Amino acid sequence: MTLIADRLNRISPSLTIAMTAKARALKAAGRDVISLSAGEPDFDTPRNIKDAAIAAIERGETKYTDVAGTLALRQAVCEKFRRDHGIDYTPEEILVATGGKQVIFDALVATINPGDEAIIPAPCWVSYPDIVSLAEGTPVIVQCGQNTGFKMTAEQLEAAITPKTKWLIFNNPCNPTGAAYNAAELKPLTEVLMRHPHVWVFTDDIYEKLAYDGFRPATVLEVEPRLKDRTVTMNGCSKAYAMTGWRIGFAGGPLPLIKAMDKLQSQSTSNACSIAQAAAVEALTGPQDSIEEMRRVYQRRRDLVVEMLNQAPGIRCHKPEGAFYVFPDMRGCIGKTTAGGRKIETDEDFTLALLEEQGVATVHGAAFLSPGHFRISYATSDDLLQEACTRIQAFCAGMR
Amino acid sequence: MPALAARLKDVSISASVVMTMKGRELAAKGIKVISLASGEPDFPTPAHAIEAAHKAALAGDTKYPPQDGTRALKEAVQRKFRRDNNLDYALDEIMVANGGKQCIFNAFMATIDPGDEVVIPSPYWISYADMAKVAGGRPVPVTCPQNNGFKLRPEDLEAAITPRTKWVLLNFPNNPTGAACSRAEMAAIAEVLKKHPHLWVMTDDMYEHLVYDGFEFCTIAEVAPELKERTLTVNGASKTYAMTGWRVGFCGGPKDLIKAMVNMQGQATSGISTISQAAAAAALDGPQDLVAERAAIYKQRRDLVVAMLNEAPGLSCHKPEGAFYVFPNIAGCLGKTSKGGRRIETDTDFALALLEEKHVAAVQGAAYGMSPYLRISYATDTESLREACARIQEFCRELS
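Keep in mind that what you see is a predicted model, and the values were worked out from it rather than measured.

Quick look at the overall build of chain A now. Along the backbone of chain A there are 14 helices and twelve strands. Its C-alpha atoms give chain A a radius of gyration of 21 Å, near enough to 21 Å, the size a compact globule of 400 residues would have. In terms of overall dimensions, chain A has a C-alpha envelope of 60 × 55 × 50 Å along the principal axes. The proportion of buried residues among the 400 residues of chain A is 63%. Roughly 13,400 Å² of accessible area belongs to chain A as shown, and the carbon and sulfur atoms make up 53% of that amount.

Attention now moves to the sheet that holds strand β13 (residues 363-364) of chain B. Across the sheet, three strands lie side by side as β9-β14-β13 (chain B); this open sheet has antiparallel pairing. Each having just a single partner strand, β9 (325-326) and β13 of chain B make up the two edges of the open sheet.

Moving on, we come to the interface of chain B and chain A. How big an interface is tends to be stated in terms of the accessible area lost upon association of its parts. At the interface, 75 residues of chain B touch 65 residues of chain A. The junction of chain B with chain A conceals about 5,800 Å² of combined surface from both sides, 57% of it contributed by carbon and sulfur atoms. Of all residues in chain B, B:R7, B:Y64 and B:Q267 give up the largest surface area on contact with chain A, accounting jointly for 13% of the area buried on that side. When the shortest N-O distance is used, the salt bridge between B:R24 and A:D66 registers 2.9 Å.

Residue and element names in this part refer to chain A. Strand order in the open sheet formed by seven strands is β2-β8-β7-β6-β5-β3-β4, and the pairing between neighbours is mixed. Only two strands of the sheet have a single partner each, and these edge strands are β2 (94-97) and β4 (138-143). Neighbour-to-neighbour, the strand axes of the sheet open up by a mean angle of 20°, direction not taken into account. As paired strands, strand β7 (residues 231-236) and strand β8 (residues 249-252) are joined by four bridges and run antiparallel to one another. When the sheet's bridge partners are listed, T233 is paired in β8 with G252.

Of all hydrophobic cores here, the largest spans 110 residues; its most connected members are A:F105, A:W167, A:F350, B:F108, B:W167 and B:L232. Of all hydrophobic cores here, the second largest spans 81 residues; its members include B:V168, B:L170, B:L309 and B:C389.

With respect to the helices, strands and loops of the structure, B:I50 is situated in helix α2 (residues 47-58). B:I50 sits in the buried class, given a relative accessible area of 14%. Along the chain, B:I50 and B:R342 lie 292 residues apart, while their C-alpha atoms are 47 Å from each other. If near-sequence neighbours (up to four positions away) are discounted, B:I50 is found in contact with A:I57, A:E58, B:T45 and B:W246.

On to the pattern of salt bridges, then. According to the stated counting rule, one finds 65 salt bridges over all chains in the structure shown. Among the ionic pairs, A:D382 bridges to A:R301, the shortest N-O distance being 3.2 Å. Remark: A:R301 occurs in helix α12 (residues 289-310) and A:D382 occurs in helix α14 (residues 382-397); sequence separation between them is 81 residues. A relative accessible area of 22% means that A:D382 is categorised as partly exposed. Note that B:R302 and B:D303 form a salt bridge whose closest N and O atoms lie 3.0 Å from each other. Classification of B:R302 as buried rests on a relative accessible area of 1%. If you follow the salt bridges from partner to partner, you end up with A:K80, A:R83, A:D84, A:E208 and A:K209 in one network.

With that out of the way, let us pick up the pairing of β4(A). All names here are of chain A. Sheet topology places strand β3 (residues 117-122) next to β4; six bridges connect them, and they run parallel. What sits directly across from I119, in β4, is V140. Assessed by its sense of winding, the connection that carries the chain from β3 through helix α6 (residues 127-134) to β4 is right-handed.

A surface patch of nonpolar side chains, amounting to about 290 Å² of accessible area, comprises B:I13, B:V17, B:V18 and B:M21. Tracing the backbone shows B:M21 in helix α1 (residues 15-28).

As for its placement among the helices and strands, B:S127 is situated in helix α5 (residues 126-134). You can call B:S127 buried: its relative accessible area is 2%. For B:S127, the residues in contact, after removing those within four places along its chain, are A:S266, A:Q267 and B:K101.

Turning to the packing of helix α12 (residues 347-358) of chain B against helix α13 (residues 382-397) of chain B, a few remarks are in order. Residue and element names in this part refer to chain B. Close contact between α12 and α13 brings their axes to 11 Å; oriented N to C, the two are set at 110°. By the angle between their axes, α12 is roughly perpendicular relative to α13. Considering the relative orientation of α12 and α13, their crossing is right-handed. Where α12 abuts α13, its residues F350, A353, L354, E357 and K358 lie against R391, I392, E394, F395 and C396. Residues that form the contact of α12 with α13 fall into these classes: six nonpolar, no polar and four charged.

Another aspect to go through is the packing of aromatic side chains. The full count for this structure, using the stated rule, is 33 aromatic pairs over all chains. Arranged with centres 6.3 Å apart and planes meeting at 55°, the rings of B:F108 and B:W167 form a pair that is tilted. Highlighted residues: B:F108 in helix α4 (residues 100-111) and B:W167 in strand β5 (residues 165-170), separated in sequence by 59 residues. Side by side, B:F108 and B:W167 carry an identical accessibility label, which is buried. An aromatic cluster of at least three residues, connected via ring pairs, comprises A:F43, A:Y207, A:Y298, A:F324, A:Y325 and A:Y378. In this structure, A:K151 packs its charged tip against the face of A:Y181, placed 5.9 Å from the ring centre. Positioned above the aromatic ring of B:Y89, the side-chain terminus of B:K228 is 4.6 Å from the ring centre.

So, on to helix α3 (residues 71-85) of chain B. In an α-helix, one turn spans 3.6 residues, which is why side chains three or four residues apart end up on the same side. All names here are of chain B. Compared with an ideal rise of 1.5 Å per residue, which puts 15 residues at 21 Å, α3 spans 20 Å between its outermost C-alpha atoms and is within 8% of the ideal. Residues of α3 that are buried: L73, K74, A76, V77, Q78, K80, F81 and N85. Residues of α3 that are buried sit in contact with β2 (94-97), α8 (220-223), β7 (231-236), β8 (249-252) and α10 (274-285).

Cut-off values and rules
- Residues numbered from 1 in each chain as written.
- Chains lettered and ligands numbered in written order.
- Predicted model: local features only at pLDDT ≥ 70, side-chain atom pairs only at ≥ 80, totals over all residues.
- Heavy atoms only, no water.
- Helix = DSSP H or I, 4+ residues; strand = E, 2+ residues; numbered from the N terminus.
- Rg over C-alpha atoms; globule rule 2.2 N^0.38 Å.
- Buried < 20%, exposed > 50% of the residue type's maximum accessible area, 1.4 Å probe, protein only.
- Areas by Shrake-Rupley, 256 points an atom, 1.4 Å probe, with all protein chains shown as cover.
- Pairing = 2+ DSSP bridges.
- Contact = heavy atoms within 4.5 Å.
- Buried area = accessible area lost by both parts, 1.4 Å probe.
- Salt bridge = Lys/Arg side-chain N within 4 Å of Asp/Glu carboxyl O.
- Axes fitted to C-alpha atoms, helices over the stretch in contact; angles between N-to-C directions.
- Core = buried A, V, L, I, M, F, W, Y, C linked by side-chain atoms within 4.5 Å.
- Right-handed = clockwise from strand over helix to strand, strands pointing away.
- Patch = residues over 30% accessible without salt bridge, like charges linked within 9 Å, V, L, I, M, F, W, Y side chains within 5 Å.
- Parallel < 35°, antiparallel > 145°, perpendicular 65-115°, else oblique.
- Left-handed = near helix turned anticlockwise from the far one by under 90°.
- Nonpolar A, V, L, I, M, F, W, Y, C, P; charged D, E, K, R; others polar.
- Phe/Tyr/Trp six-rings, centres within 6.5 Å; stacked < 30°, edge-to-face > 60°.
- Lys NZ or Arg CZ within 6 Å of the ring centre and 35° of its normal.
- Expected span 1.5 Å × (residues − 1).

As structure tokens, then:
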């Protein structure tokens, strides 16, 4: 009998391992490597949030909480959904988990039977299709190109729906492209969904607070409240409050589904860390100014990066609405040879050569199911970004 | 509502959670309920662990941790296994999860294919069986009778093993009985396991430091080193250091298994709260005198509870070696009627009537796969325990 279960073999092998290993090796060898590959804010968690965590420890909030999260946090989440989107959830319709990822895991593993399909617009965070596969479902990938701003059209969605479709997994703003949908852009998609009552919607809004130039990402239920009995609205503290390490994600959804997710979570991890939950209450209910400060910094960085990348020969960089990523098209470099003599046939060749020759770590597009691109995270200081982009320009200019 | 996934169909919600909630409902009505239902220490987290958490938060240790745990915590775990269990694990043979529960969940999800069997000594923490079911496996309970001190008999284990057995689970000291195995008893179990090289062994040693009267804890890979290459040793900070809410479990096992489990956890939650990891490392590395001091208090409580329960007509309570539970047999109460007019046909009837009439919450043995028993947690202050046992005595005396 082999040790490893079939379900694990269904998960695609990580495409970023070679990249991560090489970056680590170069750093260990003393090379100056600028990493633009991390998916987390470079800011520290705001002080008021840390203080709330410490106060919770002092109060002895170190015991098991309800599996779905403390009542205080679930109430704070209700208030957040009401305040930000006008969506009314009761605390029973809220689940708190160890990161947004666990919310996705809970929802998909609790509902997907073998052969069920989940529609996923790509480029996408590869955990979506992996978790679908793990749950024995079939990911149905819809490619959304730069020509539509990396957004899915209503026609594409309509064409992807079959009688076996169980979920649409929607990420707004999107990792890795930064593309975001406002209410007007979301409306045609919700109209399609209204015609297909068997399709459920999972919306991952974790980057919602990071949008620029006055753009306002909308969430499915504020656009179409009638979808409420088949929508999971997911969010979390990681990106908005620079709390990745605390591991707090949450979601609102219909009671029977939330109950099923709660049951699965009760058999996999139980509650998220009680202290992190107390910190999250402060994040959601305390002063919100830090969000705006961080947002402004990100916007400046985005503008800097997009401008500098578009000056690199062979690179075409779309200016996205949100998140802290850009996803430049590098196909203009394919077929060329780098100054170091490396032949560029794929996006992975490009990112590996960029790392080897210029010491800049990024992630190639195939890791997000969209080859021909690469992802840059600009959650790094302006100086480092400027230096990294200068190196990318030199790298591209040196190709022949 | 989407039809739920078949894998959740037979999965139950934890009975101890149900009883705890019922107790809370009564308490909310102003009734003084004594809860003996919960499986967590009533002590606070040690001060040095709390201090480490403060420092980690203030130092900005708030970013994504590695999926398998921070290096600092994994090294502390490595030292713990060496110090307490005489077991040498390399760092890539160790992983950290959101509670011991997630270690077990990861292992089952990473290895169980449909129809694989998991042998579980009974009575047992019901989550073992539920997690096996979520993974598509079949739990195979093996009765550990009261007349054998609720311990696993080698011949019963032998009879339960089939060619489909993937895992044999060991949990001594045991939840719910408190039974623990001596080195000789563990060696006899190991002899059986050695004869069946196709199966893997999981030992949940969460209660290792809670043993009394000079009893010496032992773990299977230490007793039978030749089994180490197919044993997963699970432990955690929750029970030893009163850190349930922090959610830190860890385990040691062969590299290939750990790698698959990390892969699984990467899809479910990623790494666990950084603050909790810093606290757990401090707990493992810090002064250990608190552990023995608390064990001495638990021992006094166990002796009190066993003595008082054995004075209640119809109850017979075995005195176990460890954990913080006793598992009295209530067969002598069946067929009777309570003072409040409730007919007692099962241990569930008993537990519900006891809660309604005497406001003592305990969990029926049926929830652990063995009837007619009651699980009583003595992780409660001595005064409350004395009062609760007096109420149980009164409840039993009033049966007619």
